[in-house]
Amino acid sequence: MAITTAPGTTRPGRPARPYPAPPRPSSGFGRKVRDNLTGHAFLIGAVVCFAVFSWYPMVRGVVMSFQRTRRGETTWVGWDNYLRILDDPSFWPAWKNTIYFTVLALVLGYAVPFFVAILLNEFRHAKGYLRILVYLPVMLPPASALFLFKYYAYDPSEAGLFNAVLKALHLPTSEWMQSPEMTMPAMVIASTWMNMGSAVLIYLAALQNIPGELYEAAELDGAGIWRRIVNVTVPQTRLILLLLAMLQIVATMQLFIEPLILANGAGAEDSATSVAYLIYQHGFFQNDLNGAAALGVIMLVVLAGFSAVYARLTAKQD
């Protein structure tokens, strides 16, 4: 028969083993902090990075736009920097060129990735290979890709790739970056080739989430490929289309590296001068950091206005 002992008693020849004290009840707040400690650490790191590398430069730029620094002395000048920037003869041509580039990029660089994604979505074989092929230009450094266009594709002689193709088709050749009329279209072509890979993959992900029953119903109704795109594909990807349109506007309005490399900055007859390049000129060539800050704040306000319009439109459609 087994001998049982009650808690606190000992068996003959064996020392007593004290029972551990029960844990103290912790507060709900402390338990939540311990449970979410990793999440709080990541959140604090993100906030610090944004504060140091994003918010502080933004606030500092706004402050500098109302100041003037000469020989190490800083004085408040109010709106003088903004008035001086507005009187710059390159101000309005830079905005004209930037808006022209943005419109061309929306017509070409925004539509092409969507139709390329629709085409790739129809393939049944080699999908992974085709996606890598489309995304490959994004992995190239932008400067390398633009130098490739400048010295190989846009060579104004008949040795240039595009001129060779035009000549083979018995079409007139072009001077490309040396022509004021072709400067912006040429930069849009290069920019679209470099950046469309990311948009194509996003569109592909959205297209694959469309139920196949919708296309089958459209085919039973006799809808062709164009009607299926208009009546099924576009409505089902409306939010993605609006989001990428907004991102396209914000990205193209900050046009800088394309004119810097392809057109050596201003281009023929200042046809490539953009607002971002004008900021670069004021800050690094004219040593006018306060004027550059004022121009940057103007661009910030314009882009914020586009973002507000986008938020209002998407809120109404939701």
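Heads up: these notes are all about the structure in this document. Keep in mind it's a predicted model, so treat the numbers as computed, not measured. (Residues numbered from 1 in each chain as written. Predicted model: local features only at pLDDT ≥ 70, side-chain atom pairs only at ≥ 80, totals over all residues. Heavy atoms only, no water.)

**Here we look at the overall build of the protein chain**
The test is simple: Each helix is a run of DSSP H or I of at least 4 residues and each strand a run of E of at least 2, with the numbering of both proceeding from the N terminus. Burial classes follow relative accessibility: with a 1.4 Å probe on protein chains only, a residue under 20% of its type's maximum area counts as buried, one over 50% as exposed, and anything between as partly exposed. Note on contacts: a residue pair qualifies if any of its non-hydrogen atoms lie within 4.5 Å across the two residues.
Counting its regular elements, the protein chain contains 15 helices and two strands. Expressed as a percentage of its 318 residues, the buried residues of the protein chain come to 33%. Relative to all contacts within the protein chain whose residues are 6 or more apart in sequence, the contacts with residues 24 or more apart total 63%.

**Things to note about the packing of helix α9 (residues 183–207) against helix α12 (residues 238–253)**
In plain terms, the rule: Whenever a helix is involved, its axis is fitted only over the stretch in contact; in every case the axis is a line through C-alpha atoms, and angles between N-to-C directions fall within 0 to 180 degrees. These descriptions rest on fixed angle ranges, namely under 35 degrees for roughly parallel, over 145 for roughly antiparallel, 65 to 115 for roughly perpendicular, and the rest for oblique. Two helices crossing with the near one rotated counterclockwise from the far one by less than a right angle form a left-handed crossing, whereas a clockwise rotation gives a right-handed crossing.
Axis separation between α9 and α12 bottoms out at 10 Å; the angle between their running directions is 165°. On the basis of the axis angle, α9 is roughly antiparallel to α12. As for how α9 packs across α12, the hand of that crossing is right-handed. Judged by residue contacts, A199, I202, Y203 and A206 of α9 engage I240, L241 and L244 from α12.

**Thoughts on the pairing of strand β2 (residues 73–76)**
Where we set the bar: Only when DSSP finds a minimum of two bridges between them are two strands counted as paired.
The sheet contact formed by strand β1 (residues 67–70) and β2 spans four bridges and is antiparallel. For Q67, the partnering residue across the bridge sits in β2 and is W76.

**Some points on the environment of P113**
Within the secondary structure, P113 sits in helix α5 (residues 111–122). We classify P113 as buried; its relative accessible area is 2%.

**So, the side chain of T252**
The condition that has to hold: Polar contacts here mean pairs of N or O atoms no more than 3.5 Å apart (in protein, one a potential hydrogen donor and the other a potential acceptor; neighbouring residues in sequence count only if both atoms are side-chain atoms).
Looking at the element boundaries, T252 is found in helix α12. Of note is the side chain of T252, whose polar atom sits 3.4 Å from the side chain of T102. One polar contact links the side chain of T252 to the main-chain carbonyl oxygen of I249, over a distance of 3.3 Å.

**A look at the packing of α5 against helix α6 (residues 127–139)**
Quick reminder of the rule: Residue polarity is assigned by list, with Asp, Glu, Lys and Arg as charged and Ala, Val, Leu, Ile, Met, Phe, Trp, Tyr, Cys and Pro as nonpolar; anything else, Gly included, falls into the polar class.
Between α5 and α6, whose axes approach to 10 Å, the crossing angle comes to 160°. Comparing their axes, α6 and α5 come out roughly antiparallel. Of the two elements, α5 crosses α6, and the hand of that crossing is right-handed. Counting all contacts with α5, which are made through V116, L120 and N121, the residues of α6 involved are K127, L130 and V134. Tallied by class, the residues present in the contact of α5 with α6 amount to four nonpolar, one polar and one charged.

**Focus: the pattern of salt bridges**
Proximity of charged atoms lets side chains of opposite charge pair with each other. Which entries qualify depends on this criterion: One speaks of a salt bridge when a side-chain nitrogen belonging to Lys or Arg is within 4 Å of a carboxyl oxygen belonging to Asp or Glu.
Evaluated as defined, the whole model comprises two salt bridges. Of the charged contacts, one joins R84 and D288 as a salt bridge, the two residues approaching to 2.6 Å between their closest N and O atoms. With R84 in helix α3 (residues 80–86) and D288 in the loop between α14 (275–285) and α15 (289–317), this residue pair connects regions lying 204 residues apart in the sequence. Taking relative accessible area as the criterion, D288 reaches 5% and is therefore assigned buried. A salt bridge links E158 to K167, with the nearest nitrogen and oxygen atoms 2.8 Å apart. Classification of K167 as partly exposed rests on a relative accessible area of 47%.

**Focus: unusual backbone geometry**
Not every positive phi belongs to a glycine, and H170 is a case in point at roughly 60°. Tracing the backbone shows H170 in the loop between α8 (161–168) and α9. Despite not being glycine, N287 shows a phi value in the positive range, around 55°. Note on placement: N287 falls in the loop between α14 and α15.

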